[in-house]
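# A structural walkthrough
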2 protein chains.
Amino acid sequence: MARYEGVSASVIRRLPRYYRFLGELKAKGMERISSREFADIIGLTASQIRQDLNCFGGFGQQGYGYNIESLCAEIGRILNVDALRPTILVGAGNLGLALVNHMRFEARGFRLIGIFDSDPEKIGHTIRDWQIQDVARLEAFCQEHHPLAAILCIPKQVAVECADLLVQNGVKGFWNFTHQDLSIIYKDGIAVENVHLGDSLMTLSFNIAEVMDAE
Amino acid sequence: MARYEGVSASVIRRLPRYYRFLGELKAKGMERISSREFADIIGLTASQIRQDLNCFGGFGQQGYGYNIESLCAEIGRILNVDALRPTILVGAGNLGLALVNHMRFEARGFRLIGIFDSDPEKIGHTIRDWQIQDVARLEAFCQEHHPLAAILCIPKQVAVECADLLVQNGVKGFWNFTHQDLSIIYKDGIAVENVHLGDSLMTLSFNIAEVMDAE
């Protein structure tokens, strides 16, 4: 049985935002915050924050606000950010390299253990601590190193084939940047986070039209 | 007055998803789809789809389903994907280059007209059709070419300064990949789409923990 069966996906999706802002407040040396002040900072209502956190048991004391450090630690625990799951990246194009260079995987539950690509010009090159390996070695690598998560930055046409191979070899979750919506294929037992940057860009398009119309 | 005042942000956020799937169905040659079939394909409920579309007037005929081509065109119109707004990219690192190389801006309401960076080793290089320009020229460029949107792939420390300069020079929307949450700074009149890839990765972390616990 899952730990938080029944908590809605939109509540889950706000947790990283809480965690990020709490981390910033902690870094500034703040110790306590009321749900109202916190709401102002993160752009939600105080009652939404209280409701969200109540899904996990609630962490504040009425009238005393939240202890920033302990709430941050608690949300981090719920998000499993200390899990250091062995993780591979497939597809070392610009996007893949941007992620390898800038994403703090280890602070978010993942530990990168291998990078793969099919391009002979890339194979063998070293990016930070990792040498790019031939994707033909992917299955052998999985059997030896047992990655639990994979980041897919590959073309849509090869996404399902690659994901299937990884699932057969024990991968439990995908950070999916391909245009293939894997969450439709794997309904149970596999976690998929599709990143559709194009959807984000279209949302911006809508919102720019709105602000320009409102002028 | 904005065109769709009062439509909730979460409805707006689902529109690009509808648009994307409708485009795929159209490309497959399908002409009609019931809200139930459509719901199965995109992983929502039929009543949610009907409710969402009703916010914009509703497009189906009870019992006949949706005409895919006209619904797709209508949602595209709502999203303003044909707007071809002049757009600049600031920050030509791996992430910026990945966006330039792979994102179909013109199909989503934007037309890239300039790329900027502060790194002397990058300035002058050509990426697809664009020569990377010195960020010191940004203001002069804005005054000449009037970009309406900007994609920010720059470090957090310089994000606000850069965004302020662009707002003063007429930019109305940001696709913001920096770790500075600009939507908190610009409350009115400026559209901001923050892309927090780290939040997405933490959501995946949570969901992997859930599927592994459920085994």
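Along each chain, residue indices are assigned from 1 in the same order as the chain's sequence is written. Chain letters and ligand numbers both follow the written order, the letters beginning at A and the numbers at 1. Two thresholds apply to this predicted model, a pLDDT of at least 70 for residue-level local features and 80 or more for giving and counting side-chain atom pairs, whereas whole-chain, interface and lining totals are computed over all residues. Side-chain numbers come from the whole structure's heavy atoms, not from hydrogens or water.

Moving on, we come to the overall build of chain A. Each helix and strand counted, chain A has 8 helices and 9 strands in total. Principal-axis analysis of the C-alpha atoms places the extent of chain A at approximately 60 × 45 × 35 Å. Using a 1.4 Å probe on the protein chains alone, a residue whose accessible area is under 20% of its type maximum counts as buried, one over 50% counts as exposed, and one in between counts as partly exposed. Taken across its 215 residues, chain A has 51% of its residues classed as buried. Nonlocal contacts in chain A, meaning residues at least 24 apart in sequence, comprise 57% of its contacts between residues at least 6 apart. Per-residue accessibility takes into account occlusion by the displayed protein chains alone, with areas from the Shrake-Rupley method and a 1.4 Å probe. Total accessible area computed for chain A in this model is approximately 10100 Å², and 48% of it derives from carbon and sulfur atoms. A run of H or I in DSSP counts as a helix once it spans at least four residues, and a run of E counts as a strand once it spans at least two, with each numbered from the N terminus. Contacts are assigned to residue pairs that have any heavy atoms within 4.5 Å of one another.

Moving on, we come to the relation of the copies chain B and chain A. Only residues with pLDDT of at least 70 in both copies contribute their C-alpha atoms to the least-squares superposition of the copies. Here chain B sits on chain A after a turn of 180 degrees about the axis and a move of 0.0 Å along it, with an RMSD of 0.0 Å. Look at the turn and shift together and you get a two-fold axis relating the two.

Residues A:Trp175 and B:Trp175 are the most contacted members of the largest nonpolar core, which totals 54 residues. Here A:Trp175 is in contact with A:Leu99, A:Met103, A:Phe105, A:Ala150, A:Ile151, A:Leu152, A:Glu193, A:Val195, B:Leu197, B:Ser200, B:Leu201 and B:Leu204, once residues within four sequence places are set aside. Note on terminology: a nonpolar core comprises buried Ala, Val, Leu, Ile, Met, Phe, Trp, Tyr and Cys residues joined through side-chain atoms within 4.5 Å.

A separate point is the pattern of salt bridges. Any carboxyl oxygen of Asp or Glu within 4 Å of a side-chain nitrogen of Lys or Arg constitutes a salt bridge here. Scanning the entire structure with this criterion turns up 18 salt bridges over all chains. Put simply, B:Glu215 and A:Lys172 hold a salt bridge, and the shortest N to O gap is 2.6 Å. In this pair, B:Glu215 sits in the segment after helix H8 (197–214) while A:Lys172 sits in the loop between helix H7 (156–168) and strand S8 (173–176), so the two residues belong to two different chains. Salt bridges here are not isolated pairs; linked through shared partners, they connect A:Arg17, A:Arg20, B:Asp181 and B:Asp199.

All names here are of chain B. At a minimum axis distance of 11 Å, the contact between helix H1 (residues 9–27) and helix H2 (residues 35–42) shows a crossing angle of 105 degrees. In this view, H1 runs roughly perpendicular relative to H2, as classed from their interaxial angle. Taken together, the residues of H2 that come into contact with H1 (itself represented by Arg17, Tyr18, Phe21, Leu22 and Leu25) are Phe38, Ile41 and Ile42. When residue character is reported, Ala, Val, Leu, Ile, Met, Phe, Trp, Tyr, Cys and Pro are called nonpolar, Asp, Glu, Lys and Arg charged, and the others, Gly included, polar. Of the residues in the contact of H1 with H2, the class split is 7 nonpolar, no polar and 1 charged. Fitting a line to C-alpha atoms yields each axis, with helices limited to the stretch in contact; the angle taken between N-to-C directions then spans 0 to 180 degrees. Convention used here: angles under 35 degrees read as roughly parallel, angles over 145 as roughly antiparallel, angles from 65 to 115 as roughly perpendicular, and any remaining angle as oblique.

A separate point is the sheet that holds strand S6 (residues 130–134) of chain A. Strand pairing follows a simple DSSP-based rule, namely that at least 2 bridges must link the two strands. The strand order across the open sheet built from 7 strands is S5-S6-S4-S3-S7-S8-S9 (chain A), with neighbouring strands paired in mixed fashion. One side of each edge strand has no neighbouring strand; the edge strands of this open sheet are strand S5 (126–127) and strand S9 (191–194) of chain A. One ladder, built from 3 bridges, connects strand S4 (residues 110–117) of chain A with S6(A); its direction is parallel. When the bridges of S6(A) are listed, A:Asp117 appears paired with A:Asp134. The strands that helix H6 (residues 138–145) of chain A touches are strand S3 (85–90), S4 and S6 of chain A; relative to S4(A), the one it contacts most, it runs at about 155 degrees. H8(B) contacts S3, S4, strand S7 (149–152), S8 and S9 of chain A of the sheet and is inclined by roughly 165 degrees relative to S9(A).

Let us now look at the packing of H2(B) against helix H3 (residues 46–54) of chain B. All names here are of chain B. Interaxial distance between H2 and H3 falls to 8 Å at its minimum, and their mutual angle equals 105 degrees. If you check the angle between H2 and H3, you find them roughly perpendicular. Between H2 and H3, the residues in contact are Ser35, Arg36, Phe38, Ala39 and Ile42 and Ala46, Ile49 and Arg50, respectively. Residue composition of the contact of H2 with H3, by class: 5 nonpolar, 1 polar and 2 charged.

Moving on, we get to the interface of chain B and chain A. Taken residue by residue, the interface counts 68 residues in chain B and 68 residues in chain A. Accessible area that two parts lose when put together, with a 1.4 Å probe and added across both, is what the buried area reports. The three residues of chain B that bury the most area against chain A are B:Leu201, B:Met202 and B:Phe206, which together make up 12% of that side's buried surface. Applying the counting criterion to the chain B and chain A interface returns 12 salt bridges. Linking B:Arg20 and A:Asp199 is a salt bridge whose minimum nitrogen-to-oxygen distance equals 2.7 Å. N or O atoms within 3.5 Å of each other form a polar contact, as long as, within protein, one can give a hydrogen and the other can take it, and as long as residues adjacent in sequence are counted only when both atoms are side-chain atoms. For the pair chain B and chain A, the interface holds 26 residue pairs in polar contact (both at pLDDT 80 or more).

With that settled, consider the domain arrangement of chain A. An automatic or database domain assignment provides the domain bounds reported here. Domain boundaries in chain A define domain 1 (9–78) and domain 2 (85–199). Once you take the C-alpha centre of each, domain 1 of chain A and domain 2 of chain A turn out to be 31 Å apart.

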